[in-house]
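Results of the structural survey
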2 protein chains.
Amino acid sequence: MLHLDTITKDNWITAISLRVREDQVKFVASNAVSLAQLNFLENFHAKGIYHDKEMIGLALYGIDEDDHEYWIYRMMIDHKYQGLGYGKEAVKLVIDDIRNIKEEHHKTITLSYEPTNVHAKRVYEKVGFQEVDGLIISDEQVSRFTL
Amino acid sequence: MLHLDTITKDNWITAISLRVREDQVKFVASNAVSLAQLNFLENFHAKGIYHDKEMIGLALYGIDEDDHEYWIYRMMIDHKYQGLGYGKEAVKLVIDDIRNIKEEHHKTITLSYEPTNVHAKRVYEKVGFQEVDGLIISDEQVSRFTL
């Protein structure tokens, strides 16, 4: 059972020490970069993904300033905990959290991944994200979940 | 002539692309890490160090939550611009900026560096920082400037 917890001054160093698998480095910005970006995002949340008391991943999500809908900007599971189904469970937790905090008019959660990132594609599709046909932003396939 | 400019959503990616010289990597956290930390610091400023329109370095400074005095937590010049005296000039700009924003009761600026970082030691001493005898925090020598 996983849970989410806000990134604060007490756990951010743990967060930036997490790493994806070597072959996925090209797909995901480092957590230091994600937290650097957090300074400049309004209405965004950085949450540690916890297995019991251990942070095993990071999620960055909030209201995009362009379309005013929820976006997941970043989602990673540390390499030591990959392949155990935690990615799927973590995405569900993020969806639940967005359901809890969103306002009535928010209807979708959007994200994107590199077309060659078949692992991300599979995880998100299992949870119910659907690729938006032909919508590629910054070379990434856009995928959307209806709340 | 250098100047300082606030790090915003328009220049943070430039900031995290700056690098110190290979042999100094062990002395200074990456700018992504410095900006990650910025989220969790109250009363802190991240400023790009600019030469004309080009960002050549980064400074992170503000009021320390423990002693309530000003500290420079991070200061770097990109490797392409090192050895040109910009470090010294940048530190002077930071001192001037702190003089402008500080309240009456703030009397000092403090920083620390690894004892083996002779370059940092020299730059800060030239500008007027004085090592605090025997004060080592996290293996770093503490040095202080009187405003």
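Figured I'd write up the structure that's included with this text. Fair warning: this is a prediction, and the values are worked out from it, not measured in the lab.

Comments concerning the interface of chain A and chain B
The interface is formed by 14 residues belonging to chain A together with 14 residues belonging to chain B. At the boundary of chain A with chain B, total buried surface from both sides reaches about 1,300 Å², with 72% on carbon and sulfur atoms. Of all residues in chain A, Trp12(A), Asn39(A) and Phe40(A) bury the most surface against chain B, accounting for 45% of the area lost on that side. Taken together, the connections running from chain A to chain B amount to two salt bridges. Secondary-structure elements contributing two or more residues to the side of chain A that touches chain B are helix H1 (12-17) and helix H2 (31-38) of chain A. Broken down by element, the residue count for the side of chain A that touches chain B peaks at six residues, all from H2(A). Of the residues assigned to the side of chain A that touches chain B, the class counts are nine nonpolar, three polar and two charged.

Describing the relation of the copies chain A and chain B
For the match of chain A to chain B, the screw axis carries a shift of 0.0 Å, the RMSD comes to 0.0 Å, and the turn is 180°. Read as a symmetry element, the transformation amounts to a two-fold axis. Taking C-alpha positions as reference, the residue of chain A nearest the rotation axis is Ala36(A), located at 2.1 Å. Counting the interface residues of chain A, we find that 100% of their copies in chain B are interface residues as well, pointing to one common contact surface.

Examining the pairing of strand E4 (residues 70-77) of chain B
Residues and elements named next belong to chain B. Among the eight residues in E4, seven count as buried, and that is most of the element. As paired elements, strand E3 (residues 54-63) and E4 share seven bridges and run antiparallel to each other. When the sheet's bridge partners are listed, Gly62 is paired in E4 with Trp71. Between E3 and the antiparallel strand that follows it, E4, lie six residues; His68 among them carries a positive phi value of about 60°. With two bridges connecting them, E4 and strand E5 (residues 108-113) associate as parallel partners. When the bridges of E5 are listed, Tyr70 appears paired with Ile109.

Some points on the packing of aromatic side chains
Following the criterion strictly, the structure yields 14 aromatic pairs over all chains and no others. Aromatic pair Tyr81(A) and Tyr86(A): ring centres 6.5 Å apart, planes at 45°, arrangement tilted. Tyr81(A) gets classed as buried once you look at its relative accessible area, which sits at 16%. Tyr86(A) gets classed as buried once you look at its relative accessible area, which sits at 15%. The ring of Phe27(B) has Lys26(B) sitting right over it, with the charged end atom 4.5 Å from the ring centre.

A word on helix H4 (residues 118-127) of chain A
All names here are of chain A. Burial in H4 covers these residues: Ala120, Val123, Tyr124 and Val127. On an axial view of H4, the arc spanned by its buried residues comes to 90°, and they lie on one face. What points out from H4, more than 90 degrees from its buried face, is the exposed set Val118 and Lys126. Its buried side turned inward, H4 meets strand E4 (70-77), helix H3 (86-101), strand E5 (108-113) and strand E7 (140-146).

Rules used throughout
- Residues numbered from 1 in each chain as written.
- Chains lettered and ligands numbered in written order.
- Predicted model: local features only at pLDDT ≥ 70, side-chain atom pairs only at ≥ 80, totals over all residues.
- Heavy atoms only, no water.
- Contact = heavy atoms within 4.5 Å.
- Buried area = accessible area lost by both parts, 1.4 Å probe.
- Salt bridge = Lys/Arg side-chain N within 4 Å of Asp/Glu carboxyl O.
- Helix = DSSP H or I, 4+ residues; strand = E, 2+ residues; numbered from the N terminus.
- Nonpolar A, V, L, I, M, F, W, Y, C, P; charged D, E, K, R; others polar.
- Least-squares fit on C-alpha atoms with pLDDT ≥ 70 in both.
- Buried < 20%, exposed > 50% of the residue type's maximum accessible area, 1.4 Å probe, protein only.
- Pairing = 2+ DSSP bridges.
- Phe/Tyr/Trp six-rings, centres within 6.5 Å; stacked < 30°, edge-to-face > 60°.
- Lys NZ or Arg CZ within 6 Å of the ring centre and 35° of its normal.
- Arc of directions from axis to C-beta.

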